[in-house]
Amino acid sequence: MSYTDAKKKYAALGIDVDAAIAKLKTVPVALHCWQGDDVGGFDQKEKSLTGGIQTTGNYPGKATTPAELMQDIDKVVALVPGTVKMNLHASYAIFDDENGGWVDRDKIEPKHFAKWVKFCKERGMGCDFNPTFFSHPMCDPLTLSSPNEETRKFWIEHGKACVRISQYLADELGMPCVMNIWAGDGYKDIPADRLGPRVRYKDSFDQILSEPFDKTKVFPCAESKVFGIGVESYTVGSAEWCLKYAASRDDCISLMDNGHYHPTEVVSDKISAVLAYDKHMALHVTRGVRWDSDHVVLFDDETKEIAKEIVRCDALDRVFIALDYFDASINRISAWVTGFRNLQKALLFALLQPNDMLKKLQDEGDFTQLMVMQEELKTYPFGEIWDEYCRSCGKPLDGEWYPEIAKYEKEVLSKR
Ligand code: RNT
Ligand code: ZN
């Protein structure tokens, strides 16, 4: 089937394919820098990952310097359609002689991200930001909820520094900066006091957000989690804590990571619940396999359902979308590109659903036809439209980009 025929099939359902393609091009999706080096960062010599997260695999060729990471990101950007926004962790600060060399996380400044700003500016990208409350000697192992005031103060100062850096990124790049707060604070075994850490966590968030910022440009988020490796029994920033915290103030939004819930819970069902109350929310799109394993995002049912929810709620400008996974067992550039393209596919697929018609069937109680329609839409000629989207973005079609990765692996990665 040709693109023209495919377009006609969708048009028969009242779908404007050109409008769907044009719309998707305007939607920023944040690309997580941490897929390129297994969440290593540049600020610590000891690269052991803590905070309940884990990368597995030892595929050769990972980026070990800012220049290598940027080179890899450029390769990714060349192979994905759509609007890429960068997403940095504080641990990716760049220290050099020009900016005075290394400082600890409580002392980082905008100047440590000047090279990233230059990188984004040259590519017309915005940038999101994340304070890094893990993989650091000051994790005792708690951070923002620690009973040790010296520890907590250190991490609050880190959070405040990150607010200033987020403001800098938003100002320099002229695009909003989503600043996500996630800390893996919790306990391996049954705690004696669940309230104390949660009260301290709240106070720490309040102190961090007391740092002045422009609420129209910087969007702080609270990311919840159910459990992590080594913190199986109790997580301070649970789903309820984060929802309540975000609800308690007008300058903090909820961030939902679909790897952070019990395995039968789905974020696709949670989006509308938050949007019924809040103007904005944020997502980390990942793929948990039995646990928060952060596998590469696929074009699977839940990714499609998440995308459909955002589109059906007419919320492409209300939901900040970011990727969050880290696979060290396969070519890392391919992992990045596969996940980014799949999220784009899911969004395009969602934009090609006759949502008004389906809603009408639901409201009229015609669940028989609703089921039939939803099933038949699965085999509509989506591939032709996807190809056209890639073409119109000037990016490779499926089948064309992997050879580029193999070439890059041979010429660049294998020499590292
Ligand atoms: C961890 C959270 C968090 C991290 C990144 C690196 O479970 O998902 O978002 O993955 O901040
Ligand atoms: Zn996450």
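Here is a short report on the structure shown in this document. (Residues numbered from 1 in each chain as written. Chains lettered and ligands numbered in written order. Predicted model: local features only at pLDDT ≥ 70, side-chain atom pairs only at ≥ 80, totals over all residues. Heavy atoms only, no water.)

### Considering the coordination of the zinc ion (ligand 2)
Taken together, E223 (OE), D257 (OD), H284 (ND1) and D324 (OD) make up the protein donors of the zinc ion (ligand 2), found 2.1 to 2.2 Å from the metal. Classification of the site at the zinc ion (ligand 2) rests on its six donor atoms, whose angles at the metal span 72 to 174 degrees, yielding the label octahedral. Taken in sequence order, the residues that donate to the zinc ion (ligand 2) follow the motif E-x33-D-x26-H-x39-D. Pair noted here: E223 is in strand β6 (residues 218–223) and D257 is in strand β8 (residues 253–257), with a separation of 34 residues, a long-range link. E223 gets classed as buried once you look at its relative accessible area, which sits at 3%. By relative accessible area, which is 0% here, D257 ends up buried. (Donors = N, O, S within 2.8 Å, 3.2 Å for Na, K, Ca; no water. Tetrahedral: all angles 85-135°; square planar, octahedral: opposite > 155°, others 65-115°. Helix = DSSP H or I, 4+ residues; strand = E, 2+ residues; numbered from the N terminus. Buried < 20%, exposed > 50% of the residue type's maximum accessible area, 1.4 Å probe, protein only.)

### Some thoughts on the packing of aromatic side chains
If you walk through the whole model with that rule in mind, you get 19 aromatic pairs. An angle of 45 degrees between the planes, with centres 5.9 Å apart, marks the rings of W386 and Y389 as tilted. Placement of the pair is W386 and Y389 together in helix α13 (residues 382–392), with a separation of three residues, close to one helical turn. Judged by relative accessible area, which is 1%, W386 ranks as buried. Through a chain of ring-to-ring contacts, three or more aromatic side chains come together here, namely Y201, F205, W241 and Y245. Just above the ring of Y380 sits the side chain of K9; from NZ or CZ to the centre is 4.7 Å. (Phe/Tyr/Trp six-rings, centres within 6.5 Å; stacked < 30°, edge-to-face > 60°. Lys NZ or Arg CZ within 6 Å of the ring centre and 35° of its normal.)

### Some details on helix α12 (residues 367–377)
For α12, every residue scored as buried is listed here: L370, M373 and L377. Down the axis, α12 shows its buried residues gathered within 70 degrees of arc, on one side only. Relative to its buried face, α12 has exposed residues pointing more than 90 degrees away, namely T368 and M371. Those residues of α12 that are buried lie in contact with α10 (332–351) and α11 (355–363). (Arc of directions from axis to C-beta. Contact = heavy atoms within 4.5 Å.)

### Describing the nonpolar core
Among the nonpolar cores identified, the biggest contains 127 residues, and I73, M86, W116 and L283 are the most heavily contacted of them. With twelve residues, the top contributor of residues to this core is α10. F219, I253, L255 and A282 belong to the second largest nonpolar core, which has seven residues in total. (Core = buried A, V, L, I, M, F, W, Y, C linked by side-chain atoms within 4.5 Å.)

### Re a nonpolar patch on the surface
On the surface, F227, I229 and W291 cluster together into a nonpolar patch covering about 240 Å² of accessible area. On the accessibility criterion, I229 (40% relative accessible area) is partly exposed. (Patch = residues over 30% accessible without salt bridge, like charges linked within 9 Å, V, L, I, M, F, W, Y side chains within 5 Å. Areas by Shrake-Rupley, 256 points an atom, 1.4 Å probe, with all protein chains shown as cover. Salt bridge = Lys/Arg side-chain N within 4 Å of Asp/Glu carboxyl O.)

### Some points on the site of ligand 1
Around ligand 1 sit W34, I53, H89, W182, E223, K225, D257, H260, H284, D292, D324 and F326, and those are all the residues in its vicinity. In the environment of ligand 1, an oxygen atom lies 2.8 Å from a nitrogen or oxygen atom belonging to the side chain of D324. Considered on its own, ligand 1 offers 300 Å² of accessible surface; in the complex 99% of this is hidden by protein. Here the residues of the shell around ligand 1 sort into four nonpolar, three polar and five charged. (Near = heavy atom within 4 Å. Polar contact = N/O pair within 3.5 Å; in protein donor to acceptor, adjacent residues only side chain to side chain. Nonpolar A, V, L, I, M, F, W, Y, C, P; charged D, E, K, R; others polar.)

### Let's talk about the pairing of β8
Across the five residues that make up β8, a large majority, five, are buried. Along β8, one buried face is formed by I253, L255 and D257 and the opposite face, lined by S254 and M256, is buried too. The pairing of β6 with β8 spans three bridges and is parallel. What sits directly across from C221, in β8, is I253. Strand direction decides the pairing type here: β8 and strand β9 (residues 281–285), joined by three bridges, are parallel. If you follow M256 over to β9, its bridge partner there is L283. (Pairing = 2+ DSSP bridges.)

### A word on the pattern of salt bridges
Per the stated rule, a full pass over the model turns up 33 salt bridges. For the salt bridge of D206 with K202, the shortest nitrogen-to-oxygen distance reads 3.3 Å. A residue pair is termed a helical-turn pair when its members lie 3 or 4 positions apart in one helix, as D206 and K202 do in helix α6 (residues 195–209) at four residues. Look at D206 and you get partly exposed, because its relative accessible area is 26%. Taking the relative accessible area as the measure of exposure, K202 reaches 40% and is therefore partly exposed. When salt bridges with common partners are traced through the structure, they connect D74, K118, E122 and R123 into a single cluster.

### Some words on the environment of Q54
Its location among the elements puts Q54 in the loop between β1 (28–32) and α3 (66–79). Through-space distance from the C-alpha of Q54 to that of V39 is 8.9 Å; in sequence the pair is 15 residues apart.

### Observations regarding the packing of α11 against α12
For the pair α11 and α12, the least separation of the axes is 8 Å and the interaxial angle reads 155 degrees. With respect to their mutual orientation, α11 and α12 come out roughly antiparallel. Every pair of crossing elements has a handedness; the one defined by α11 and α12 is left-handed. Residue-level contacts link M357, L358, L361 and Q362 of α11 to F367, Q369, L370, M373, Q374 and L377 of α12. Of the residues in the contact of α11 with α12, the class split is seven nonpolar, three polar and no charged. (Axes fitted to C-alpha atoms, helices over the stretch in contact; angles between N-to-C directions. Parallel < 35°, antiparallel > 145°, perpendicular 65-115°, else oblique. Left-handed = near helix turned anticlockwise from the far one by under 90°.)

Interpretation in functional terms is not warranted from these geometric data alone.
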